[in-house]
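Structural features, examined
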Amino acid sequence: TITKEINYTDNPFLSDSALELIENDRQHLDKETFNNIYLGYPKSENEESFIKRAWLEACINANEVLGITTRGSYKIGYDIADSGNDKSANVVVHGNEVIEIIEWKSKEHELELSAEKTLTRALEYNANIIYDCIGVGASAGAVFKRLGYNNFSKFDAGAGVKSPDKDYMPRRKNKDHFENLKAQSWQKVADMMLHTYKAVVLKEPFDEDMILSINPKCDKIEQLKIELSSPMKQLSIRGLVKVESKKDLAKRGIPSPNIGDAFIAAFAEFNSFGRFK
């Protein structure tokens, strides 16, 4: 296969007036918009995305940039493959920093093998496993118990919000803002990433408990950027904030966000911005 990028600069028949118009736009449009219109580059941000890519990029190596010492307990977000080409994933978090991202192929009948792989990692870090308990993941807790490990908790994305009567914003309680725990957890991560972006990029004052850092040595960071910045923020039929479903993502040609879901699960009980506990 041979591919070649062709743009207006390669068109010998383009009129002088068209070139003048393009040059005028070059002077007056921001670089990203110009490149999108005239060079065909995709925009880095979708205005409807739950998490903006720029926020996520600001989190990479944020602890070192901001002079924060990583400390605290270890957690592992565990997303379990349920069918077809789906994959399982682990995201390991130390305090406020993501230190490892892993994804592997596993089939629905290989739940025990995936649980053992996750357990090996949990024993290495003495970590609490937070697993997706919907669908095939429902039995993961029983597998961990059978293997003699009790340091785990469930993440039920469809459950009701935590601290329902607490204000998420002035005069708006969590239960009146979020459709479910999934939306609340995604918003919590989004808020932490925005706070980190303001601290790293805009040099604003920050609260260490609200910073989210990603170790640059992690694998699959580019994939993580795609998976976390793809789902859109939507409103449910009740008018509450929700996350675009996997079904709707598939309609847009976007596969299941395995490491993205593991990432969210890892921070679902993190006692920082949003303070769920």
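Residues numbered from 1 in each chain as written. Predicted model: local features only at pLDDT ≥ 70, side-chain atom pairs only at ≥ 80, totals over all residues. Heavy atoms only, no water.

**Some words on the packing of aromatic side chains**
As enumerated under the stated definition, the model contains eleven aromatic pairs in all. Relative to Y38, the ring of Y8 has its centre 6.1 Å away and its plane inclined at 70°; by these criteria the two rings are edge-to-face. Linking Y8 in the segment before α1 (16–28) with Y38 in helix α2 (residues 31–38), this pair joins segments that are 30 residues apart in sequence. Here Y8 matches Y38 in class, with each residue buried. Over the face of the ring belonging to W55 we find K52, whose NZ or CZ atom lies 5.4 Å from the ring centre. Against the face of W104 rests K117, its NZ or CZ located 5.5 Å from the ring centre. (Phe/Tyr/Trp six-rings, centres within 6.5 Å; stacked < 30°, edge-to-face > 60°. Helix = DSSP H or I, 4+ residues; strand = E, 2+ residues; numbered from the N terminus. Buried < 20%, exposed > 50% of the residue type's maximum accessible area, 1.4 Å probe, protein only. Lys NZ or Arg CZ within 6 Å of the ring centre and 35° of its normal.)

**What to know about the pairing of strand β5 (residues 152–155)**
As judged from the four bridges shared by strand β4 (residues 128–132) and β5, these two strands associate in the parallel manner. Looking across to β5, one finds that D132 is bridged to F155. On the question of chirality, the crossover connecting β4 to the parallel β5 by way of helix α6 (residues 140–146) is right-handed. (Pairing = 2+ DSSP bridges. Right-handed = clockwise from strand over helix to strand, strands pointing away.)

**A few points about unusual backbone geometry**
With a phi close to 45°, S163 is a non-glycine residue in the positive phi region. Looking at the element boundaries, S163 is found in the loop between β5 and β6 (167–169). A relative accessible area of 24% places S163 in the partly exposed class. Positive phi, close to 65°, is recorded for R171, a residue that is not glycine. Tracing the sequence through the fold places R171 in the loop between β6 and β7 (172–173).

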